[in-house]
There are 2 protein chains.
Amino acid sequence: MEAEVVAIGTELLLGFVVNSDTAFLGRVLAGLGIGCTRQVTVGDNRRRLAEAIRAALSRADLVITCGGLGPTVDDVTLETIAEVTGRRLILNREVLRRIKARFARLKIRMPKSNVRQAMIPEGAIVLPNEIGTAPGFLIKLEGGQTPWGLTPSGFRLLAALPGPPAELMPMVKERLVPLLKRRASGTIILSKTLKLTGLTESEVDAKVRDLLALTGSVTVGIYAHPAQVDLRVTAKASNSAQAKRLIQRIEGKIRRRLKRLIFGADEETLEGTVGALLKKKRLTLAAAESITGGLLQHRITEVPGSSAYFLGGVVAYANALKVSPLGVEGSLLRRHGAVSPQAAKAMAAGIRRLTGSDLGISLTGIAGPTVASAKGGLTTALGPGSTRPKPVGLVYIGFSSPERIEVHRHCFSGSRSAVKFKASQAALDLIRRYLS
Amino acid sequence: MEAEVVAIGTELLLGFVVNSDTAFLGRVLAGLGIGCTRQVTVGDNRRRLAEAIRAALSRADLVITCGGLGPTVDDVTLETIAEVTGRRLILNREVLRRIKARFARLKIRMPKSNVRQAMIPEGAIVLPNEIGTAPGFLIKLEGGQTPWGLTPSGFRLLAALPGPPAELMPMVKERLVPLLKRRASGTIILSKTLKLTGLTESEVDAKVRDLLALTGSVTVGIYAHPAQVDLRVTAKASNSAQAKRLIQRIEGKIRRRLKRLIFGADEETLEGTVGALLKKKRLTLAAAESITGGLLQHRITEVPGSSAYFLGGVVAYANALKVSPLGVEGSLLRRHGAVSPQAAKAMAAGIRRLTGSDLGISLTGIAGPTVASAKGGLTTALGPGSTRPKPVGLVYIGFSSPERIEVHRHCFSGSRSAVKFKASQAALDLIRRYLS
């Protein structure tokens, strides 16, 4: 089975909205073994949409439209599909009941225009919308039935879905996929992503170069992100179990070479991995952040249940907060500067002392884009007796555990946001390596 | 002039990458007065790509391809364009010199395959790539010159751009736009987005309903985001100055109605607006976060120069940190619970006292997805003598200034991340309203 996706929306053509629906559909179709060969976007224009749907139906067995099912005159998908397939639009009482119930629940009077959303092409299977008002639908087109004279060998499927991702995604997962599964019979494409941090793309490349050169039923791709490198193993097979076996074999090889460097797979996050390890070892953590300004603690607390192991911490942006409550000595800051291994060490020790946590992490550095001026003893980023500013991107990370205190020096490149993110990533990975 | 965009990449069809290039190009073309009528994505497949480029050239004056210019055999754009346009590929010595210089700078030996990237269709204008190796190019196709028998009235332009957004974006801005400007002569589409927070979409809608109904040369659209509503004014005119005047008139009307509710426009952020106001008034700020876990301080410190007004704060995730260093009385927490207006008030006062800041902000609440259990006096989210848990999404925000302390109660919906973000948004807006 081959598919084409037709997205509808002038907003998409004008670039006001980035189209995430087609990427989502691409992943879902690949997982079903349905190859997607083309994605087309047209505006809210009946003539162009009809042309696009006709062309897609002349090439593919499955055509999926996204968008244009709203209640306003701009929304032309329903009428266009009726025209292209030669089907009448019929009021579906069950759909109308659902739409009315939805408005009643929200205590809003249903505008007349919404009745239109209960019109469904004759013979179509309704795909109920649990989030919004517009239902989707699926039409089976028999050979010869299409009015433009085509006589397809077997049948073609035309699915119409609403545009908002929050409505489209559950409809695809819960309604469309079960219907397509019965008909799909092509090559399954599955993939698994292994995530690493702490190495550059070239360093990872050097370790798995032979695997990156694989061609055939299983391939490996390398993808660099800020402070993260992904290895994606993709397998093609005639069924899902076989694809999973192919992936497992290569995943095993990668894991044997990269070992502890891999922090997670697919949807797993570094902060989630750290959280799971802390929970398992029944250890608590606290943080003293300067350069990252709260980002590290924000990431840690994105994990549900993080209050079980994360006590909190201090964002010591001004140096006075490094002195109190963190307990870093003013003389140390004057002698070495706030961006120094000495300050990082004292901050990591200080946050453990203040909170009574098992582990303490600290970050101090220069996020940029400009280096703070040299005025005033405590507020300078300059070293002692030096007029040479420390470079933007310089970060010291301190880590304090019951066994030891260590300090790591990094020099990160990129924007202010990038430096903050990379520093938080390095701090999380330092904790992860200690725990695993 | 009418344009079509052809994106190339099996990665896009499989949904491994979300295509942001076409949205970017859509915005750029709209700003030049060039209507984009269709976007097509095909895989790394010569036959399908040739078909897509031919079809696009048969409809549009300007066809832009993105992607497939890399050095590997998967990258088929160069050969396909040569085939479709009937142009020979010629080695461009200047391009080769640049590619070699780039590898020399990176101290890497240039792989042989990269020589291919210096091949350019005969007669094409080179669009240098300042970021990566693959240059883009622009071909002017005269009438009758195309080998598939079309005789266009005047000429057609075919531009080929690299796929990575970091390479495509500067190439478009610095190289392609100046070349297109001379030829563009259609309707300019410009837009300006006004941003609000603190009102729901329906509340904003009720205030500008007449403007949302505008049709013609200037229109207003409403777009809801988490804890933010955008009003986008879009104008069509024959030149940029006229479009700007049209926008200004409607912007004035909107501003007169919504006044202080608007926190910024276009690329401005709420944290940036708050920062500018603090700087202007020479006031300092500190934060005591519980529920938001550092997100508020992270957002504040995303703004360059924030160290001038932001002192830092405490992430008091565990209640012990609310007691010390924040100075909230243990008896208060036992009596009212940590999620209470009393706790928010004491935290806002405490962070001002601890840091000596002019303004103090505090947040306490329940982020979810589950409510903390009721065990243990200080760690419970339950109220005194109550076994009824407080609901997920309940947030108290405290604000302390030299004049007063106030507490605001909110109940936010959504995921853990959504609740955290909405709470940080409400806190920033509270500070903004005080300052403006």
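Definitions and cut-offs
Think of each chain on its own: its residues are numbered from 1, step by step along the sequence as written. A letter from A marks each chain and a number from 1 marks each ligand, given out in the order of writing. Owing to the predicted nature of the model, reporting of local features is limited to residues with pLDDT of at least 70; listing and counting of side-chain atom pairs is limited to 80 or more, with chain, interface and lining totals taken over all residues. Note that water and hydrogens are dropped before the side-chain values are worked out from all heavy atoms of the structure. Contacts are assigned to residue pairs that have any heavy atoms within 4.5 Å of one another. The term buried area means the drop in 1.4 Å probe accessible area that two parts suffer when joined, counted for both and summed. Here, a salt bridge means any side-chain nitrogen of Lys or Arg that lies within 4 Å of a carboxyl oxygen of Asp or Glu. Under the rule applied, a polar contact is a pair of N or O atoms within 3.5 Å (in protein, one hydrogen donor and one hydrogen acceptor; residues adjacent in sequence only if both atoms are side-chain atoms). Per the convention used, a helix needs a DSSP run of H or I reaching at least four residues, while a strand needs a run of E reaching at least two, with both numbered from the N terminus. Classification convention: Asp, Glu, Lys, Arg as charged; Ala, Val, Leu, Ile, Met, Phe, Trp, Tyr, Cys, Pro as nonpolar; all other residues, Gly among them, as polar. Strand pairing follows a simple DSSP-based rule, namely that at least 2 bridges must link the two strands. Domain start and end points were adopted from an automatic or database domain assignment. With a 1.4 Å probe rolled over the protein chains alone, any residue whose accessible area is under 20% of its type maximum counts as buried; one over 50% counts as exposed, and the rest are partly exposed. Axis lines are fitted to C-alpha atoms, over the contacting stretch for helices. Their N-to-C directions set the angle, which ranges from 0 to 180 degrees. Geometric relationships in this document are graded by angle, where less than 35 degrees denotes roughly parallel, more than 145 denotes roughly antiparallel, 65 to 115 denotes roughly perpendicular, and other angles denote oblique. When the near helix sits turned anticlockwise from the far one by under a right angle, the crossing is termed left-handed; a clockwise turn instead gives a right-handed crossing. Nonpolar cores are built from buried Ala, Val, Leu, Ile, Met, Phe, Trp, Tyr and Cys residues. Side-chain atoms within 4.5 Å join them into one set. Any two rings among Phe, Tyr and Trp, with Trp reduced to its six-membered ring, count as a pair given centres within 6.5 Å; such a pair is stacked if its planes are under 30 degrees apart, edge-to-face if over 60, and tilted if neither. Working rule: Lys NZ or Arg CZ, within 6 Å of ring centre, within 35 degrees of ring normal, means a charge sits over the ring. Only a pair of cysteine sulfur atoms within 2.5 Å counts as a disulfide in this structure description.

### What about the interface of chain A and chain B?
Item 1. Each side of the interface is counted separately: chain A has 62 residues, and chain B has 62 residues.
Item 2. Taken together, the two surfaces of chain A and chain B that pack against each other cover about 4700 Å², and 54% of this comes from carbon and sulfur.
Item 3. Across the chain A-chain B interface, the total number found is eight salt bridges.
Item 4. The closest approach of N and O atoms between Arg 48 of chain B and Glu 2 of chain A, which form a salt bridge, is 3.7 Å.
Item 5. Linking chain A with chain B are 40 residue pairs in polar contact (both at pLDDT 80 or more).
Item 6. Broken down by element, the side of chain A that touches chain B gets its largest block of residues, seven residues, from strand β2 (residues 35–42) of chain A.
Item 7. Among the residues forming the side of chain A that touches chain B, the class breakdown is 28 nonpolar, 23 polar and 11 charged.
Item 8. Strand direction decides the pairing type here: β2 of chain A and strand β2 (residues 35–42) of chain B, joined by five bridges, are antiparallel. Within β2 of chain B, the position partnered with Thr 41 of chain A by the bridge is Gln 39 of chain B.

### Observations regarding the domain arrangement of chain A
Residues and elements named next belong to chain A.
Item 1. Each domain of chain A was delimited in the assignment, giving domain 1 (2–181), domain 2 (188–265) and domain 3 (270–435).
Item 2. Once you take the C-alpha centre of each, domain 2 and domain 3 turn out to be 32 Å apart.
Item 3. Tallying the contact residues gives nine residues for domain 2 and eight residues for domain 3.
Item 4. Summed over both partners, the interface of domain 2 with domain 3 buries about 780 Å², with 51% contributed by carbon and sulfur atoms.
Item 5. Together, Thr 197, Arg 260 and Phe 263 form the three largest contributors to the area buried by domain 2 at its contact with domain 3, with a combined 59%.
Item 6. Across the contact surface, domain 2 and domain 3 share zero salt bridges.

### Focus on the environment of Gly 70 of chain A
All names here are of chain A.
Item 1. Here Gly 70 lies in the loop between β3 (62–66) and α4 (77–85).
Item 2. Gly 70 gets classed as partly exposed once you look at its relative accessible area, which sits at 23%.
Item 3. Sequence separation between Gly 70 and Met 171 is 101 residues, and the spatial gap between their C-alpha atoms is 16 Å.
Item 4. Here Gly 70 is in contact with Asp 75, Arg 116 and Gln 117, once residues within four sequence places are set aside.

### Let's talk about the pattern of salt bridges
All names here are of chain A.
Item 1. Under the definition given, this model contains 44 salt bridges over all chains.
Item 2. Ionic pairing is found between Arg 59 and Glu 4, a salt bridge with its closest N-O pair at 2.7 Å. With Arg 59 in helix α3 (residues 46–59) and Glu 4 in strand β1 (residues 2–8), this residue pair connects regions lying 55 residues apart in the sequence.
Item 3. For Arg 59, a relative accessible area of 34% puts it in the partly exposed group.

### Quick word on the packing of helix α2 (residues 21–32) of chain B against helix α6 (residues 165–181) of chain B
Residue and element names in this part refer to chain B.
Item 1. Running from N to C, α2 and α6 cross one another at 20 degrees; their axes reach a closest spacing of 11 Å. When the interaxial angle is binned, α2 and α6 end up roughly parallel. Classified by chirality, the crossing of α6 by α2 is right-handed. Counting all contacts with α2, which are made through Asp 21, Phe 24, Leu 25, Val 28, Leu 29 and Leu 32, the residues of α6 involved are Pro 165, Leu 168, Met 169, Val 172, Lys 173, Val 177, Leu 180 and Lys 181.
Item 2. Residues that form the contact of α2 with α6 fall into these classes: 11 nonpolar, no polar and three charged.

### Quick look at the environment of Ser 415 of chain A
Residues and elements named next belong to chain A.
Item 1. On the secondary structure map, Ser 415 appears in the loop between β17 (405–411) and α14 (416–435).
Item 2. The partly exposed category is assigned to Ser 415, whose relative accessible area is 43%.
Item 3. Along the sequence, Ser 415 and Ala 367 sit 48 residues apart, while their C-alpha atoms lie 7.9 Å from each other.

### Thoughts on the nonpolar core
Item 1. In this structure, Phe 137 and Leu 158 of chain A together with Val 6, Phe 137 and Leu 158 of chain B are the most contacted members of the largest nonpolar core, which totals 50 residues.
Item 2. Here Phe 137 of chain B is in contact with Leu 69, Leu 78, Ile 81, Ile 120, Pro 121, Ala 124, Ile 125, Val 126, Leu 127, Leu 158, Ala 159 and Ala 160 of chain B, once residues within four sequence places are set aside.

### Points about the packing of aromatic side chains
Item 1. Summed over all chains, the structure comprises four aromatic pairs over all chains.
Item 2. Stacked on the ring of Tyr 223 of chain A, the Lys or Arg Arg 232 of chain A has its end atom at 4.2 Å from the ring centre.

### Digging into the state of the cysteines
Item 1. Scanning all chains against the criterion turns up zero disulfides over all chains.
Item 2. With no disulfide of its own, Cys 66 of chain B has Cys 36 of chain B as its nearest cysteine by sulfur position, at a separation of 9.7 Å.

### As for the sheet that holds strand β14 (residues 310–315) of chain B
Item 1. With mixed pairing, 10 strands are arranged side by side in an open sheet as β17(A)-β16(A)-β15(A)-β13(A)-β14(A)-β14(B)-β13(B)-β15(B)-β16(B)-β17(B). The open sheet is flanked by β17 of chain A together with β17 (405–411) of chain B, the only strands paired with a single partner. Averaged over neighbouring strand pairs, the angle between their axes works out to 15 degrees when direction is ignored.
Item 2. Inspection of the sheet shows strand β16 (residues 394–400) of chain B paired to β17 of chain B by seven bridges, in the antiparallel sense. When the bridges of β17 of chain B are listed, Leu 394 of chain B appears paired with Cys 411 of chain B.
Item 3. Relative to the sheet, α14 of chain A contacts β13 (285–289), β15 (359–365), β16 (394–400) and β17 of chain A, its axis offset from that of β16 of chain A by approximately 25 degrees.

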